[in-house]
Amino acid sequence: MHRIGIVGPERTVERILEVAADYSQEVECIPFPYDDEMEIQSILHEHRSKVKGWLFSGPVPYIIAQEYIESNDTVAYCQTMGGGFYLCCLQMAFAHKVVLERISVDFIESEVDIEQLLRATGIPWSDVFIKYYSRQYDPEEIIQFHLQLWRAGKIDGVITALRSVMNALQKEGVPVYHFTLSEQEIYQSLKIIIEKVQSSYFKNTQVGLVIIEVGNYGKIIERAKTPYDLQILELRLKAILLPLCKSLDGYLLDKGTGVYEIFSSRGAVQREINMLQDTIEQLILAVNIDVPITAGIGFGETVFAGEINAHRALRNTREQKGARVVIVQDDGKMVEVVKYNKALSYEFYSNDTDLLKKLNKVSVGIKTYRKIESIVQRMGWGSFSNSQMAAQMSVTERNVRRIITSLCEAGLVEQVGEEYAAARGRPNKLYQIASYKNEKH
């Protein structure tokens, strides 16, 4: 039986557990209620080892959690189709014995069109004030948005998606209602997370192949004074690799000229990513010469598929100066493991012909564009400079400037401002991915 952590406000978590009782033969749901969204980080950090997946009660806790979710976490969130909003309206009408026509609402942008939901009710709402916000929201700003309307006598009630906002408004005596979920929405979300957890279980039994390459091996051969010295070094490298091989419960193949393969399972490789990084550091010290040492990891249903993906991953480590470990998963998605417990995941293909035409026109690869998109999303940047992007991509600022300029020509990136530095010099230009341009703050 798989354990799933349910994360959300206490009452919402209770409702999810009630619905989840129908799935008691398939999964065990562990409640992790919070009273403030800022508790989500500690919940994930302290209880990650206790569960096989996470179900968040809505888009808000999920978006907050994204910063702390690791690449091998299995997650889903309850997606509302508007049923929760209508339940709030009913609760307000029942509590006040009349439909409140003057309300204020806040919700995460792009998840639900509140205006459309209001029109669908057929109720002639007189005054409705809506506050949309992105992942970089300020709780105090949202609290003040509602409070100012309430104190000005412009509203009779509030519907909020944030528990912290609800708590603050209740203390001020404001009639406030928290977005809830319909039973059908909860059912659908539970089915999604259960399927993901079960899929993850089977993925852990896939083949995992690690290829470790000591680059510029000819340089090492030239430096060795005798064949004996070279043989001693190779034995030393194998002595470093064998503990990793043992932890992976795999077997080691020496392919010659500084290339080593370890065959194992996907689950074991994912579990020992940190040890793999430590092993690479030890190999660098043992070689004691300035040569790159990298690892390509491939996952697949068969040994052949895993081997193809591992070689594809290894090719990409040669292109990415900052990434010593690159993973290509069975679905073709590429993951760069840059630092401990930090990973950058992106796709290096697309079926979007319009996007591909734009990229081809300015000679920028889909992989580069997807990587920039992923960095912006992971860092939560509203805007970024060339220097910030260069630091994340581990390339020169000049190289990034050329890429960003090309993407601007293609209409995929836009300049949105300038940032003046304390020192003398030109201000840094600030950019946004075009799809982020229309976000409301």
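This text follows the structure it describes.
Remember, predicted model here, so these are calculated numbers, not experimental data.

Draft legend 1. Spotlight on the sheet that holds strand β5 (residues 102–108). Read from one edge to the other, the open sheet built from 4 strands follows the order β6-β5-β7-β8, with strand pairing classed as parallel. The open sheet terminates on both sides in strands that have one partner only, identified here as β6 (127–133) and β8 (176–178). Direction aside, the axes of adjacent strands within the sheet are offset by 15° on average. Strand direction decides the pairing type here: β5 and β6, joined by 7 bridges, are parallel. Across the sheet, the residue bridging to Ser104 is Phe129, located in β6. In the packing of helix α5 (residues 114–121) onto the sheet, the strands contacted are β5 and β6, and the crossing angle to β6 comes to about 150°.

Draft legend 2. The arrangement of the packing of helix α16 (residues 386–393) against helix α17 (residues 397–409) in detail. Between α16 and α17, the least distance of the axes is 8 Å, while the angle of their chain directions is 115°. Taken as axis vectors, α16 and α17 run roughly perpendicular relative to one another. α16 and α17 meet at a crossing whose hand is right-handed. For the pair α16 and α17, contact is made by Asn386, Ser387, Met389, Ala390 and Met393 and by Glu397, Val400, Arg401 and Ile404, respectively. Tallied by class, residues from the contact of α16 with α17 come to 5 nonpolar, 2 polar and 2 charged.

Draft legend 3. Highlighting unusual backbone geometry. With a phi close to 55°, Asn288 is a non-glycine residue in the positive phi region. Tracing the chain through its elements places Asn288 in the loop between α12 (273–287) and β12 (293–300). In this structure Asn288 comes out as exposed when scored by relative accessible area, which is 54%. A positive phi angle, near 60°, is found at Ser363, a position not held by glycine. Tracing the backbone through its elements, the reader meets Ser363 in the loop between α14 (353–361) and α15 (366–379).

Draft legend 4. Molecular detail of the pattern of salt bridges. Going through the model one piece at a time under the given rule, you end up with 16 salt bridges. Between Arg151 and Glu172 there is a salt bridge whose closest N-O contact spans 3.3 Å. Taken together, the residues span a long stretch of sequence, with Arg151 in helix α6 (residues 139–151) and Glu172 in the loop between α7 (163–171) and β8 at a distance of 21 residues. Look at Arg151 and you get exposed, because its relative accessible area is 54%. Take Glu172: its relative accessible area is 42%, and that puts it in the partly exposed class. With a closest N to O distance of 2.4 Å, Glu281 and Arg324 form a salt bridge. On the criterion of sequence distance, the pair formed by Glu281 in helix α12 and Arg324 in the loop between α13 (303–319) and β13 (325–328) is long-range, its members being 43 residues apart. Arg324 gets classed as partly exposed once you look at its relative accessible area, which sits at 38%.

Cut-offs applied
Every chain's residues receive numbers from 1 upward, in the order its sequence appears when written. Per-residue local features of the predicted model are confined to residues with pLDDT of at least 70, and side-chain atom pairs are confined, for both listing and counting, to 80 or more; whole-chain, interface and lining totals are unaffected and use all residues. Hydrogens and water molecules were not included; the side-chain quantities draw on all heavy atoms of the structure. We call two strands paired when DSSP finds no fewer than two bridges between them. A run of H or I in DSSP counts as a helix once it spans at least four residues, and a run of E counts as a strand once it spans at least two, with each numbered from the N terminus. Here an angle of 0 to 180 degrees is reported between the N-to-C directions of two axes, which are lines fitted to C-alpha atoms, with helices fitted over the stretch in contact. Working rule for contacts: check all heavy atoms of both residues, and any pair within 4.5 Å makes them a contact. Angle categories: roughly parallel below 35 degrees, roughly antiparallel above 145, roughly perpendicular from 65 to 115, and oblique for all the rest. For a crossing to be left-handed, the near helix must be turned anticlockwise from the far one by less than a right angle; the clockwise case is right-handed. In this count, Pro and Cys sit with the nonpolar residues alongside Ala, Val, Leu, Ile, Met, Phe, Trp and Tyr, while Asp, Glu, Lys and Arg are called charged and the others, Gly among them, polar. Under the scheme applied here, a residue whose accessible area is under 20% of the maximum for its type counts as buried, over 50% as exposed, and between as partly exposed, the area being computed with a 1.4 Å probe on protein chains only. A carboxyl oxygen of Asp or Glu within 4 Å of a side-chain nitrogen of Lys or Arg is what we treat as a salt bridge.

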